[in-house]
Amino acid sequence: MSSTADDGDPNLGGEDVAVTEQAAGEALDLLESEGMDVEESGLRLYVQQGGCAGLSYGMRFEHAPEEDDEVFERNGLRVFVDDASIDYIEGSVLDYEGGLQGAGFHVKNPNVVSECGCGESFRT
């Protein structure tokens, strides 16, 4: 079953996943540059086993959500999260940071109890 959350404060916690304006803008630009329809396509955010702390984030663009995905629409970006991942990332904020040390998407997750030294994996 798919559910959709409407636009709201990107800093809200709770059971949804928030997206900052900057992250949404960057992702939408990338979707469009790939020739994907931003009305139907979205960014899949998921958690997978891996890294020295046990879990790591994954992201990829998809043309449509799966049947059992949670679908959050924030600042014009659709975010797809599967049932197995939502428990690990509920209340998180997807942000985009640019800078001299490298630009990229980052998940600010209130459920994390520890991270590895490089910041690539986490434990809840």
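Residues numbered from 1 in each chain as written. Predicted model: local features only at pLDDT ≥ 70, side-chain atom pairs only at ≥ 80, totals over all residues. Heavy atoms only, no water.

- As recorded by an unreviewed UniProt entry, the protein chain carries the name Iron-sulfur cluster assembly protein and is attributed to Haloarcula quadrata.

### Description of the pairing of strand 6 (residues 77–81)
- Here strand 6 lies mainly inside the structure; 5 of its 5 residues are buried.
- Where strand 3 (residues 42–49) meets strand 6, 2 bridges bridge the pair, whose relative direction is parallel. Each residue of the ladder has a partner; that of L43, found in strand 6, is V79.
- Bridge count between strand 5 (residues 70–74) and strand 6: 5 bridges; the pairing is antiparallel. In the strand pairing of strand 6, E73 is matched with R78. (Buried < 20%, exposed > 50% of the residue type's maximum accessible area, 1.4 Å probe, protein only. Helix = DSSP H or I, 4+ residues; strand = E, 2+ residues; numbered from the N terminus. Pairing = 2+ DSSP bridges.)

### A short note on the side chain of S85
- Residue position: S85 is located in helix 2 (residues 83–89).
- Those residues in contact with S85 that lie beyond four places of it in its chain are L45, Y46 and V47. (Contact = heavy atoms within 4.5 Å.)

### Here's the deal with helix 1 (residues 21–33)
- Under the 1.5 Å per step criterion, the end-to-end length of helix 1 is 18 Å for 13 residues, consistent within 8% with the ideal 18 Å.
- Restricting attention to buried positions, one finds in helix 1 the residues A23, A24, A27, L28 and L31. For helix 1, the buried positions fall inside an angular range of 125° around the axis, keeping them on one side. In helix 1, the exposed positions that point more than 90 degrees away from the buried face belong to E21, E32 and S33.
- Immediately downstream of helix 1, the backbone of G35 shows phi near 75°, a positive value. (Expected span 1.5 Å × (residues − 1). Arc of directions from axis to C-beta.)

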